[in-house]
Amino acid sequence: MNVLAIETSCDETSFALIKGEGGLKNPKFKVLKNIVLSQIKVHSPFGGIVPNLAKREHLTNLPILYQKVEKFIKNRKINIDLIAVTIGPGLEPALWTGINFAKNIHKEKFPHSQLVGVNHIEGHLYSFLLGKDFYQFNPSKIYPAIALIVSGGHTILLYLKDIITWKKLGETKDDAVGEAFDKVGRMLNLPYPGGPEIEKVAKKGNSDFVNFPRPMIYQKNYDFSFSGLKTSVLYFLQDLKKEGKKLDENLIANIAASFQKAAFDVLVYKTLKAAQNLNAKSVILAGGVAANKFLRKELKKECVKNKIIFFAPPFDFNTDNAAMIGVAAYIQYLKGKKRRISAQANLEI
Ligand code: KG4
Ligand code: ZN
């Protein structure tokens with residue numbers, strides 16, 4: 001099955017063409033094309049994403065990127081079976097640009113295909129399946145699984161009985177972990193988005209420099225909270241200022257490393273607790289923050305210690321991309337689930 005996928009939920013305009021095989025029992029995928037155009041440069045002067053600017057950029061970029069994909073489809077005479085588009089969660093004006101574009105090409109170019117509306121978080125959830133071309137995972141070794149989805153908008157822990165059946169165990173009560181990274185990045189005068197920047201500078205820092213709080217770590221639930229941790233960093237910086245200390249490179253590295261360690265200690269501890277308590281065979285890490293090598297290393301180390309298999313997407317598929325939306329569409333189509341094709345900014349998983 002060939003899937004043409006579109007993602008415009010936030011600040012990345014992306015098209016992908018993927019091939020899915022094996023059905024729900026043995027799903028495997030090959031990415032034929034995945035183009036991601038990031039709007040970071042447009043939004044960074046504002047220190048965050050401006051929804052209407054995102055919409056404007058998507059409207060400009062969608063036809064340009066599509067031309068490239070169309071050429072590829074025509075040259076290789078690819079028959080499109082599904083058109084997948086993200087319907088939420090995300091920024092409503094941004095979501096609509098992708099949805100309207102998908103509806104148009106469905107009508108004008110591929111009337112015999114099926115249009116599938118995809119939940120963006122499900123895209124992240126399945127992104128680990130985008131390993132090597134047609135890599136055959138063995139579902140009996142994966143499920144039951146615990147999935148930790150960490151992005152700019154979400155911090156969610158799921159229990160998966162099998163590839164299509166899951167239960168939400170917990171989520172953040174306030175800021176998403178990626179959001180906290182971006183806000184702390186701003187406090188430390190780092191460029192937007194703060195996540196990758198904090199990882200970079202933290203490499204030179206001492207993670208024991210400040211003992212920041214590990215919110216909710218020992219609470220007997222699977223929820224998270226990162227707003228208090230973020231505020232602790234703010235208070236620490238205010239105290240430094242009062243003492244007349246200058247925020248130099250060294251200090252920034254130490255604070256970034258301490259903050260990163262505090263945030264990830266909670267994620268790793270609670271994910272492992274869930275995996276142990278629910279006898280999971282594997283832990284799946286996904287979402288933009290999964291691009292963080294320190295988090296991947298720490299979580300994998302604990303999984304290995306506990307004889308739990310660790311999965312994370314290849315680096316290209318951590319942050320937003322359309323390939324993962326294509327994978328989710330393939331699975332959703334086979335599952336027979338139909339969704340209303342309209343923007344749903346607060347769609348839940
Ligand atoms: O999944 P994603 O591209 O978009 C959402 O669905 O939100 O995630 C973006 C988030 C941003 O908050 C960004 O700072 C964070 O992922 N991020 C990282 C890293 N790379 C991206 N956070 C920590 N370390 C990274 N290396
Ligand atoms: Zn995302």
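In what follows, the structure referred to is the one given above.
Residues numbered from 1 in each chain as written. Chains lettered and ligands numbered in written order. Predicted model: local features only at pLDDT ≥ 70, side-chain atom pairs only at ≥ 80, totals over all residues. Heavy atoms only, no water.

A. Molecular detail of the side chain of Ser151. You can see Ser151 is positioned in the loop between strand 6 (145-150) and strand 7 (155-162). Taking relative accessible area as the criterion, Ser151 reaches 8% and is therefore assigned buried. Once residues lying within four places of it in the same chain are set aside, the contact partners of Ser151 are Ala176, Val177, Gly178, Glu179, Gly287, Gly288 and Val289. (Helix = DSSP H or I, 4+ residues; strand = E, 2+ residues; numbered from the N terminus. Buried < 20%, exposed > 50% of the residue type's maximum accessible area, 1.4 Å probe, protein only. Contact = heavy atoms within 4.5 Å.)

B. Main features of the nonpolar core. Formed by 49 residues in total, the largest nonpolar core has its most connected members in Phe259 and Leu267. Only strand 6, helix 6 (177-187), helix 7 (194-202), helix 8 (227-242), helix 9 (249-277), strand 9 (282-286) and helix 10 (293-305) provide two or more residues apiece to this core. Take this core: its biggest share by element is 15 residues, from helix 9. (Core = buried A, V, L, I, M, F, W, Y, C linked by side-chain atoms within 4.5 Å.)

C. Structural detail: the pairing of strand 7. Note: strand 6 against strand 7, six bridges, orientation antiparallel. Bridging across to strand 7, Ala147 finds its partner in Leu158. If you look at the hairpin formed by strand 6 and strand 7, you'll find four residues sitting between the two strands. Where strand 7 meets strand 8 (residues 165-171), six bridges bridge the pair, whose relative direction is antiparallel. The residue of strand 8 that forms the bridge with Asp162 is Thr165. Hairpin connection from strand 7 to strand 8: two residues lie between these consecutive antiparallel strands. (Pairing = 2+ DSSP bridges.)

D. Structural context of the coordination of the zinc ion (ligand 2). Distances from the zinc ion (ligand 2) to its protein donors, His120 (NE2), His124 (NE2) and Asp320 (OD), fall within 2.0 to 2.1 Å. As a motif over one chain, the donors of the zinc ion (ligand 2) read H-x3-H-x195-D. On the criterion of helical spacing, the pair formed by His120 and His124 is a turn pair, its members being four residues apart in helix 4 (residues 120-126). Pair check on accessibility: His120 and His124 agree, each one buried. (Donors = N, O, S within 2.8 Å, 3.2 Å for Na, K, Ca; no water.)

E. A look at the sheet that holds strand 10 (residues 309-311). If you trace the five strands from one edge of the open sheet to the other, you get 8-7-6-9-10, paired in mixed fashion. Looking at the sheet topology across the chains shown, the edges are occupied by strand 8 and strand 10. Each adjacent strand pair in this sheet contributes to an overall mean axis angle of 20°, direction not counted. Sheet strands touched by helix 10: strand 6, strand 9 and strand 10. Its angle to strand 9, the strand with the most contacts, is close to 175°. (Axes fitted to C-alpha atoms, helices over the stretch in contact; angles between N-to-C directions.)

F. Molecular detail of the environment of Phe311. As for its position among the elements, Phe311 is in strand 10. On the accessibility criterion, Phe311 (14% relative accessible area) is buried. When the C-alpha atoms of Phe311 and Ser127 are compared, they prove to be 9.9 Å apart, with 184 residues separating the residues in sequence. Excluding its chain neighbours within four sequence positions, the residues that come into contact with Phe311 are Phe128, Phe137, Ile142, Ser282, Val283, Ile284 and Leu285.

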